Amino acid sequence: MINTRVLPIQALKFPTTKLEGSNQLRYKETKMELTITRPDDWHLHLRDGQLLEAVVPHSASHFARGIVMPNLKPPITTTAAAVAYRESILKALPSSSDFAPLMTLYLTDTTSPQEIKLARKSGVVFAVKLYPAGATTNSQDGVTDLFGKCLPVLEEMVEQNMPLLVHGEVTDPDVDVFDREKVFIESVLQPLIQRLPQLKIVMEHITTMDAVKFVESCEEGSVAATVTPQHLLLNRNALFQGGLQPHNYCLPVLKREIHRQAIVSAVTSGNKRFFLGTDSAPHEKRRKECSCGCAGIYSAPVALSLYTKVFEEAGALDKLEAFTSFNGPDFYGLPRNTSKTKLSRTSWTVPECFSFPFGDIIPMFAGETLEWQPSLN
């Protein structure tokens, strides 16, 4: 017989092969498939130049849309720059791709309310990104005084219904690196939502139980969070097992196991406030494996496989589609995708590296075997 367990998303199919032996009938599972609405990536780094051309096909083959981060050199601080960057991305896409880059602006101390109006009118800019100055890669031009210098801009963002995307860490050197997200919530985010309760906020790449509790405490539809594969699967031990592991280094840095478990529980619960954002951040191998390595994990080629692994292990495959494909566009007020993606429970091995003329890029879980493989669009 064929055993089929129907879930709210689609059917999970278990075709079987009949085996003879010892007067018994046994059934061997040969394939398991899951069909979901095509996902989007709500936090993505595509870089520029040769690196952009190298990595954009990976994201385009798995995702329909991507919120593209603006922390280039120089950063994307104006609508005109965002439009130009979007054109560069479109030119780098494979000819058959329908991937849609959703652009963002890099908030600075001198961003004007007029720029927010231009961004909204452009039809290609969908959010503004807050980087506290010095918090992560190419954040040196970020905000130094949010309430003192950026309040008129934030008020205009409320008027334009433009979300603020937040790298949620303080940069005070006296604050322990593992506590910077918690302190940011207390000192910046909570006062911000009290002052501007109508401002839509996405707390990006959350890493702590504190962030989970904060997002869950806010009004649904006003504050949400993206979650990366690394913060669902790895804790801070992964930085040091068998020696220093530079390809597991990202910002915000991996946290304790209790925090990882809290994030897994939140995203697999079906809570609409959480959605997929890979924070896929490519760097050349030589810039990761050096005396002062860059922060960032390149997850685009494996992210869907890893998210599915997390939901399967939590017994929550019926919640996967909402997390990958519904919660993000619903929060942004965009239509859900109509195309589908198929995931097959078929073992495959992640490449050890992706080689290009300019150098190598090491993907997350390089060389390891994964159990779920998505179809490529």
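Residues numbered from 1 in each chain as written. Predicted model: local features only at pLDDT ≥ 70, side-chain atom pairs only at ≥ 80, totals over all residues. Heavy atoms only, no water.

Visitor: When you look at the environment of Thr-144 in this model, what are you seeing that I'm missing?
Guide: For Thr-144, the location among the structural elements is in the loop between β9 (125–130) and α4 (146–149). Thr-144 gets classed as exposed once you look at its relative accessible area, which sits at 55%. Taking the C-alpha atoms as reference, Thr-144 lies 49 Å from Glu-33; in sequence the two are 111 residues apart. Every residue in contact with Thr-144, bar those within four places of it in the chain, is listed here: Asp-109, Ala-133 and Lys-149. (Helix = DSSP H or I, 4+ residues; strand = E, 2+ residues; numbered from the N terminus. Buried < 20%, exposed > 50% of the residue type's maximum accessible area, 1.4 Å probe, protein only. Contact = heavy atoms within 4.5 Å.)

Visitor: What am I meant to see in the sheet that holds strand β12 (residues 223–227) here?
Guide: Across a sheet, strands are paired by hydrogen bonds formed along the backbone, either parallel or antiparallel in direction. Read across the open sheet, the 8 strands follow the order β6-β7-β8-β9-β10-β11-β12-β13; overall the sheet is parallel. Here the strands that pair on one side only, and so sit at the sheet edges, are β6 (41–44) and β13 (274–276). Each neighbouring strand pair of the sheet contributes to a mean axis angle of 30 degrees, computed without reference to strand direction. Relative to strand β11 (residues 201–203), strand β10 (residues 164–166) runs parallel, the two being bridged by 3 bridges. Of the residues in β11, the one forming a bridge with Leu-165 is Val-202. Along the sheet, helix α2 (residues 79–92) contacts β7 (65–68), β8 (100–106) and β9; its crossing angle with β8, the most-contacted strand, is approximately 150 degrees. Those strands touched by helix α7 (residues 209–217) are β11, β12 and β13, and its axis lies near 145 degrees from that of β12. (Pairing = 2+ DSSP bridges. Axes fitted to C-alpha atoms, helices over the stretch in contact; angles between N-to-C directions.)

Visitor: Before we go on, may I ask you to explain the pattern of salt bridges in this structure?
Guide: Opposite charge on two side chains lets them pair, provided their charged atoms get close. According to the stated counting rule, one finds 14 salt bridges in the structure shown. For Glu-33, the salt bridge is made with Lys-342, and the minimal N-O distance between the two is 3.7 Å. Placement of Glu-33 in strand β5 (residues 33–37) and of Lys-342 in strand β14 (residues 340–344) is noted, with a sequence separation of 309 residues between them. Connected through salt bridges with shared partners, the residues Glu-312, Arg-345 and Glu-371 form a single ionic network. (Salt bridge = Lys/Arg side-chain N within 4 Å of Asp/Glu carboxyl O.)

Visitor: I tried to follow the side chain of His-45 on my own but got confused; where do I start?
Guide: Of note, His-45 is situated in the loop between β6 and α1 (49–62). For His-45, a relative accessible area of 7% corresponds to the buried category. Here Asn-71 takes part through its side chain, which lies 3.2 Å from a polar atom of the side chain of His-45. Polar contacts involving the side chain of His-45 include one to the side chain of Asp-279, which spans 3.0 Å. Setting aside residues no more than four positions away along its own chain, His-45 makes contact with Met-69, Asn-71, Tyr-131, Asp-279, Ser-280, Ala-281 and Pro-282. (Polar contact = N/O pair within 3.5 Å; in protein donor to acceptor, adjacent residues only side chain to side chain.)

Visitor: Explain the environment of Asp-109 here, please?
Guide: Structurally, Asp-109 is set in the loop between β8 and α3 (113–122). The contacts of Asp-109, once residues within four sequence positions are left out, are Gly-142, Val-143, Thr-144, Asp-145, Lys-149 and Cys-150. Here the side chain of Asp-109 touches Thr-144 through a polar contact of 2.4 Å, side chain to side chain.

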